[in-house]
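# Structural overview for review
One-letter residues, chain by chain:
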Amino acid sequence: MKTISENACFGGTQGVYSHPSKTTNCEMTFGLFLPQEARDGPVPVLWYLSGLTCTHENAMVKASAQGWAAEQGIALVFPDTSPRGEGVADDDAYELGQGAGFYVNATENPWAEHYQMWDYLADELPTLLTANFPIDEDRQSITGHSMGGHGALTMAMNLVGRYRSVSAFSPICNPTAADWGRKQLTAYLGKDEDTWARHDASLMMREVGFDGPVLIDTGTSDQFIDLLRPEALSEAVAARRQQAILRLQPGYDHSYFFVSSFIEDHVTFHAEALYS
């Protein structure tokens, strides 16, 4: 593992690191904020999964999360959104390829060789973090934005018992029924739609739900709201009678101005679960 940078931040440290990944078969980069409490021992961790076109850097720089995490004594992990580098398959469209891994394990060519983002985030990166940093593997929560909100919700419902809480900003809620989803799921997983279901938050909510608190924020002026389909997730939550807070925020769009406006709520929400 290489240290790319480390900076003092709200009494703790904001680092950026890279490592060769056996899962994605390329060099991967991630950001990690450690609060000052990490100097005394393992701290709970909140995973932040980013959206289309993003790297580890977008949320790390734009979400304004570190200050609130420092108040709560929580670490923040900012993984990349896809494998990258020479020889890694890509596409001219922004919603497929590098920057658009969709947090799945690809089974189709040319994606399968590198696009194993599910296993990378479920297994390889958590193992690397707990082996090298003071991270408490028993106290984890997860959040994300847009494509990352999709990833956060589906990982939370599939990895039963892993996360104490889950939240999302403007998540892609029903990708099997939207243009933000069908194209990518077909490319990465093939045409058998039965293999898509575990990567659809609305379908997973109806089938298994989440054993813990859920918080979802979406802006009413989100320019992509028809692709996000928040109503599908809301209907699934109601059908399952899931413990959840679903909020439509008047006038907010899909940008990081929206995320930064409500990140305090989300960090506090997760802190309550992580320290309960």
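Read on for a plain summary of the structure. (Residues numbered from 1 in each chain as written. Predicted model: local features only at pLDDT ≥ 70, side-chain atom pairs only at ≥ 80, totals over all residues. Heavy atoms only, no water.)

### Regarding the packing of aromatic side chains
Pairs of aromatic rings are described using the distance from one ring centre to the other and the angle between the two planes. This model, assessed by the stated rule, comprises eleven aromatic pairs. Plain terms: the ring middles of Trp-111 and Tyr-188 are 5.4 Å apart, the flat faces sit at 90° to each other, and that makes the pair edge-to-face. Taken together, the positions of Trp-111 in the loop between β5 (75–79) and α3 (117–132) and Tyr-188 in helix α5 (residues 179–189) put the pair 77 residues apart, joining distant regions of the chain. Taking relative accessible area as the criterion, Tyr-188 reaches 0% and is therefore assigned buried. Relative to Phe-258, the ring of Tyr-252 has its centre 5.9 Å away and its plane inclined at 45°; by these criteria the two rings are tilted. Overall, Phe-258 belongs to the buried group, its relative accessible area being 0%. We note Arg-162 situated over the ring of Tyr-163; from NZ or CZ to the ring centre the distance is 6.0 Å. (Phe/Tyr/Trp six-rings, centres within 6.5 Å; stacked < 30°, edge-to-face > 60°. Helix = DSSP H or I, 4+ residues; strand = E, 2+ residues; numbered from the N terminus. Buried < 20%, exposed > 50% of the residue type's maximum accessible area, 1.4 Å probe, protein only. Lys NZ or Arg CZ within 6 Å of the ring centre and 35° of its normal.)

### A closer look at the environment of Gly-99
Relative to the helices and strands, Gly-99 is located in the loop between β5 and α3. Once the C-alpha coordinates of Gly-99 and Thr-220 are considered, the two residues, 121 residues apart in sequence, prove to be 26 Å apart. When sequence neighbours within four positions are dropped, the list of residues in contact with Gly-99 reads Gly-51, Leu-52, Thr-53, Cys-54, Thr-81, Ser-82, Arg-84 and Met-147. (Contact = heavy atoms within 4.5 Å.)

### Concerning the environment of Gln-242
Here Gln-242 shows up in the loop between α8 (230–240) and β9 (245–249). Given a relative accessible area of 11%, Gln-242 falls into the buried group. For the pair Gln-242 and Lys-183, spaced 59 residues apart in the sequence, the C-alpha separation amounts to 29 Å. Residues within four places of Gln-242 in sequence aside, it is in contact with Met-205, Gly-209, Phe-210, Gly-212, Val-214 and Val-237. A polar side-chain atom of Gln-242 sits 2.8 Å from the main-chain carbonyl oxygen of Phe-210. (Polar contact = N/O pair within 3.5 Å; in protein donor to acceptor, adjacent residues only side chain to side chain.)

### So, unusual backbone geometry
That bond from Asn-109 to Pro-110 is cis: its omega, 5°, falls within 30 degrees of zero. When you line up the elements, Pro-110 lands in the loop between β5 and α3. In this model, Asn-25 sits at a positive phi of 60°, which is unusual for a non-glycine residue. Among the structural elements, Asn-25 can be located in the loop between β2 (12–21) and β3 (26–34). In this structure Asn-25 comes out as partly exposed when scored by relative accessible area, which is 44%. Unlike most non-glycine residues, Ser-170 shows phi in positive territory, near 45°. Mapping Ser-170 onto the fold places it in the loop between β7 (166–169) and α5. Classification of Ser-170 as buried rests on a relative accessible area of 0%.

### Details of the side chain of Asp-136
Following the sequence through the fold, Asp-136 ends up in strand β6 (residues 135–144). What makes Asp-136 buried here is its relative accessible area of 17%. A polar contact is formed between the side chain of Asp-136 and the side chain of Arg-139, at a distance of 2.8 Å. Sequence-distant contacts of Asp-136, defined by excluding residues within four places in its chain, comprise Pro-42, Val-43, Pro-44 and Val-45.

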